[in-house]
Amino acid sequence: MNPARARHTVAIIGAGAAGTLTAIQLCETAARRRTPVDLVLIDPAPEAGRGTPPATPDTRHRLNVPAGGMSCYPDDAGHFTRWLCRHGEPTVTPAHFATRYRFGAYLADTLGRAIVRSHDTVGVRRLRTRAESCTGTPDGRVVIHLADGDPVLADSVVLATGPAAPPGDWAPETLRASPRFITAPWTPGALDGPLADSADVLLVGTGLTAVDLAATLDAPARTVHAVSRTGLLPQPHALTPATAMPAPENLGATETRVPSLAELRRGIYRHISRAVRLHGDWRPALDSLRPHTARLWHSLSPEERVAFLEREGTLWNTHRHRMAPATAESLGRARTARRLRVHTGRITAVRTEVDGSLAVTLANGRSVRAGWVVDCTGPGHRLTGPLWTSLHDAGAAVPGPLGMGVATREGRLVDAQGRCEGPLFTLGAPRRGELWETTAIPEIRVQAAALAQQLLAPLVKPARATRRPRRRPVDAHGLALSTHAEAATAYRTGIDRVLKVRAGAEDALERAVSLDPGFALGHAALALLGHECGAAVDVPRELAEAQRCARDRADERERSFVEVVTRRVQGVGGDEALLRHLDPYPGDALALATAVPTIAFSGVNDLDDDYALRLVERTSPAYDGHWFHTSLLAFLRQEQGRLHEAGELAHRALAVEPASGHAVHALAHVHYESGAHEKGRDWLDAWVAGQGRGAVHRAHFSWHVALHELALDDPAAVRKRWFAQLAPGRVTGVRALVDSGSLLWRARLSDSWRGPVPVGGVLDSVEREVLERPATAFTAMHGAVALAAAGDGAALRRLRDHAAGADAVQREVIVPLCEAFLAVVEERFGEAARGLDALLPGLRRVGGSAAQREVVEETLLYALVADGRCEAARRLLDARLDRTSAPRDRRLLEALPVVGV
């Protein structure tokens, strides 16, 4: 009997950015796929994620890529930005240039979270030592020999060692022998000498390393000199980035021809000229080439690559790898003050003076005297050090194209015999010869994700033809779930709470994805609740997880639902995708709940009552009289005005499930629309105090009770209920906006609230992102209401500007709504009345109920009276009283002056 072999072990040598990104992807991918693996992370640094530049604590050292491009995940661009917002920088935008130290903290934190989430699947060891060499074993594994401790046996090894060390071959022998020559400036303590005195410093190199060190060494009594062959500093990023532009068509090799370097050069220069003409800036043109750089590099012959490096290499680097605007500004001030001087040339001789300083002679004959010389020339071509030397000596690695880095294919090392079959992999700077642009996070994170897939692919066990298919768990309506039984139970609990409109759905769904990180539906449901219900969920993160899980492990229905959520979050074709999904899967209760506008979801835009009714009736056979389906039907019946039938359906659903929030909501509308305000107030008040205690939207039910009190013209009861059940602290987030804020505005419009309305607390309880950059038109409408109640015209303008760049409903409804509310705030009542009157016919496109949208009609009534258009106000009040009797409306009607009297 053969002994059981230990789990597959992956060793990552290097815990800087490349190694950390690989470890994150490996942990999360293995957890999603439920693939057991052991991970060994080898690096002498005290903390993972603190590669060379990210270890610097100097706050003047900023990333040279904005936060929007520095996410750990290629499919979640905003991850780093959101991390910054959660960690002390709430106003950060994707255009912000964070410090390198903050980015290092982000990498470390993200890795820590990935390790915690995957602890059931991935075992992680962290060895704070240096790998000295790697040797193969007869069975195809690798032994890693460490500077101290026992060797490590691994099945696969990722060499994430970062850029090659500067060769230093440019330095004269006198300089190399001097103790005042600093060859590794990022080494801890390397700059202690220059910082301790005020002697001038010479930086050799004018790239990003020199830029950072010039900031660190800048002092009033010191001159920092910088010298390079061209004397070119990195270009700055634009303060306000221009509009992105696509790369030119037919760029690079095609099936029929491969363009020469000269043709590429002409095409790219034409593209840059076009960008300058269109945008007044060359940057969009160069940025548009980024996704195509590796392909263009591959299309060049070795001779053309050499020609490119000699002629355009420096120009490319200074324009492609730019510095942050703030860095450029401080650098400019230092140059203006002559504390930074940039020279062109190369060093030909160095002489040590009596006082220990260095007299450096340049090729043009100029001499620079400095107390210290720092090598900032950037990485070399050849990877050196004991580890890489051992691999080269053993033939396990060979130099890459033009001697840059090592030869690889898709990240796997090519050996001296040209084979690419071994267990050694790399990413980032060592692949420079193969890819050219491969040292920045946007490229490395893509390589890390692909590498994780590649490393785990052989570990997936093929299904045996003789094995009986495992029966999958199902949801409450019999639809199969691609997860295990325990996670399925938590998911069913979460969805049951969503359908009942009960609290705890988010917690149950989070437990489901914690039990099974690869459960696509769990992540998709969380993203949906965050997007449409205001749940405290990192929506882009959960959506990205859902998409990854759907690719790894999901059936056709689950992939279809993930696509629905993706499109709804992105605001592109979400309604159409949702309706298409319900055709083959009518029993998907969460999808049906999302489609029908009710208390939980805003529903499908432009879904008229007849279509919504047909949708619910069409799906009826999948539910066989289930209380949830009956509750939805009750709500739609009251929307159609069939109030008696709606009431019967609601009572039928409540007889089976007394906690059904949808049925309660339908009955609340029946009472309100039929004018049964006293009956509705008493019944709903009793339910809120009983079954309603566990309702997730309890505030909304309290809002319904308050609407009855408002209609009954009982301002004291309205005020008492608002402070008891709707005031900030009792209600937060979107619900405070939708319920608490709108009630205050309606009370103020009808003179039912004496004195200033306390809307400031409502606005403070809502995140600024939700208030001024809402994801849905429904939230945007209520944001406009609350801002109007606060008299905040500036914020209304910001909301209007956001809506102008959002989806069609926000552009066509919310923009003019904001303008009308702004006119109310600025007491331009005639203009406000005209705008609001024009909006009423299409207002249902924002979603929600007629009772919620009624706030716009009440604002129109207020504007008409304030503008002196009493006859128009009378007609509007007569129409309202024809619909339903309300003492408040009768009072308002009686208070109108009679024309001619």
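One numbering rule holds for all chains: residues counted from 1, following each sequence as written. The predicted origin of the model limits local features to residues at a pLDDT of at least 70 and limits the giving and counting of side-chain atom pairs to 80 or more, whereas totals for whole chains, interfaces and linings rest on all residues. Each side-chain value is worked out from all heavy atoms of the structure, with water and hydrogens disregarded.

A. Looking closely at the overall build of the protein. Secondary structure assignment for the protein yields 38 helices and 18 strands. Overall size of the protein, expressed as C-alpha extent along the three principal axes, is 105 × 80 × 55 Å. For the protein, the proportion of its 901 residues judged to be buried stands at 55%. The contact rule is simple, with two residues in contact once any of their heavy atoms fall within 4.5 Å. Pairs at least 24 residues apart make up 66% of the contacts formed inside the protein by residues separated by at least 6 positions. Working note: accessible area of the protein is about 38600 Å², and carbon and sulfur atoms make up 52% of it. In summary, the charge assignment counts Lys and Arg as positive and Asp and Glu as negative, without counting His or the chain termini. In plain terms, the charge of a residue is placed at NZ if it is Lys, CZ if Arg, CG if Asp and CD if Glu. The averaged location of the 103 negative side-chain charges in the protein is 4 Å from the averaged location of its 109 positive side-chain charges. Secondary structure counts use DSSP, requiring at least four H or I residues in a row for a helix and at least two E residues in a row for a strand, with both numbered from the N terminus. Each residue is assigned to one of three classes by its accessible area relative to the maximum for its type, calculated with a 1.4 Å probe on protein chains only: buried under 20%, partly exposed between the two thresholds, exposed over 50%. Methods summary: accessible areas were calculated by the Shrake-Rupley approach with a probe of 1.4 Å, and residue burial reflects only the protein chains presented.

B. The sheet that holds strand E5 (residues 142–146), seen in detail. The three strands are arranged E4-E5-E6 in an open sheet whose pairing can be described as antiparallel. A single partner strand is all that each edge strand has here, and the edge strands are strand E4 (131–136) and strand E6 (152–154). Geometrically, the sheet is characterised by an average inter-axis angle of 25° between neighbouring strands, direction not taken into account. Taken together, the five bridges between E4 and E5 define a ladder with antiparallel strand orientation. Paired with alanine 131 across the bridge in E5 is leucine 146. The criterion for strand pairing is that DSSP finds at least two bridges linking the strands in question. Note on geometry: axes are C-alpha line fits, over the in-contact stretch for helices, and angles between N-to-C directions span 0 to 180 degrees.

C. Spatial organisation of the nonpolar core. Of all hydrophobic cores here, the largest spans 78 residues; its most connected members are Tyr491 and Phe628. Tallying contributions element by element places helix H17 (residues 520–533) first for this core, with eight residues. Beyond its immediate chain neighbours, meaning those up to four positions away, phenylalanine 628 contacts Leu499, Ala589, Leu592, Ala593, Tyr623 and His662. Residues Leu744, Val757, Ala863 and Leu893 belong to the second largest nonpolar core, which totals 70 residues. By convention a nonpolar core is built from buried Ala, Val, Leu, Ile, Met, Phe, Trp, Tyr and Cys residues, the set being connected through side-chain atoms within 4.5 Å.

D. Looking closely at the side chain of serine 390. For serine 390, the position within the fold is in helix H12 (residues 386–393). Judged by relative accessible area, which is 18%, serine 390 ranks as buried. When residues no more than four places from it in sequence are discounted, the contact partners of serine 390 are Glu132, Ser133 and Cys134.

E. Quick peek at the packing of helix H37 (residues 870–883) against helix H38 (residues 887–895). Running from N to C, H37 and H38 point in directions that differ by 155°, and their axes come no closer than 10 Å. Between H37 and H38, the angle is such that the two are roughly antiparallel. Our pair here, H37 against H38, has a crossing hand that is left-handed. Only Arg888, Asp889, Arg890, Leu892 and Leu893 of H38 make contact with H37, whose side of the interface consists of Arg874, Leu877, Asp878, Arg880 and Leu881. Think of it as three bins: nonpolar holds Ala, Val, Leu, Ile, Met, Phe, Trp, Tyr, Cys and Pro, charged holds Asp, Glu, Lys and Arg, and polar takes everything else, Gly as well. Here the residues of the contact of H37 with H38 sort into four nonpolar, no polar and six charged. Angle categories: roughly parallel below 35 degrees, roughly antiparallel above 145, roughly perpendicular from 65 to 115, and oblique for all the rest. Here a crossing is taken to be left-handed if its near helix is turned anticlockwise relative to the far helix by less than a right angle, and right-handed if that turn runs clockwise.

F. Seen up close, the packing of aromatic side chains. Here is the rule: rings of Phe, Tyr and Trp (six-membered ring for Trp) pair when centre to centre is within 6.5 Å. Planes less than 30 degrees apart are stacked, more than 60 are edge-to-face, and the remainder are tilted. One pass over the structure, following the stated rule, counts 19 aromatic pairs. Their ring planes at 80° and their centres at 5.8 Å tell us that tryptophan 722 and tryptophan 753 sit as a pair that is edge-to-face. Of the two residues, tryptophan 722 sits in helix H28 (residues 715–726) while tryptophan 753 sits in the loop between helix H29 (733–749) and helix H30 (759–764), which places them 31 residues apart along the sequence. Here tryptophan 722 matches tryptophan 753 in class, with each residue buried.

G. How the structure looks around the sheet that holds strand E13 (residues 358–362). Ordered in space as E12-E13-E14, the three strands form an open sheet in which the pairing is antiparallel. A single partner strand is all that each edge strand has here, and the edge strands are strand E12 (347–352) and strand E14 (367–370). Here the strands of the sheet are splayed against their neighbours by 20° on average, with no regard to which way each runs.

H. Local environment of empty space enclosed by the protein. As defined here, a cavity is a set of points on a 1 Å grid over the protein atoms alone where a 1.4 Å probe fits but cannot get out. A pocket is an open set with protein on both sides within 12 Å along at least five of seven lines, and residues line them when an atom is within 4 Å of a point. Grid points are joined across faces, edges and corners, and a volume is the space filled by probe spheres set on the points. Taken as a whole and assessed by the stated rule, the structure comprises seven cavities of 30 Å³ or more. Roughly 170 Å³ of internal volume is contained in the largest cavity. Considering the residues around the largest cavity, the lining is formed by 16 residues, among which Glu532, Ile599, Ala600, Arg735 and Phe778 are closest to the centre. In terms of residue count, the dominant contributor to the lining of the largest cavity is H29 (three residues). Each residue belonging to the lining of the largest cavity can be placed in one class, and the counts come to seven nonpolar, seven polar and two charged.

I. A look at helix H20 (residues 574–582). Of all nine residues in H20, seven are buried; the element is thus mostly enclosed. By the burial criterion, the buried members of H20 are Gly574, Asp575, Ala577, Leu578, Leu579, His581 and Leu582.

J. Seen up close, unusual backbone geometry. The backbone phi angle of tryptophan 436 is positive, close to 70°, even though this residue is not glycine. As for its position among the elements, tryptophan 436 is in the loop between helix H13 (432–435) and helix H14 (441–456).

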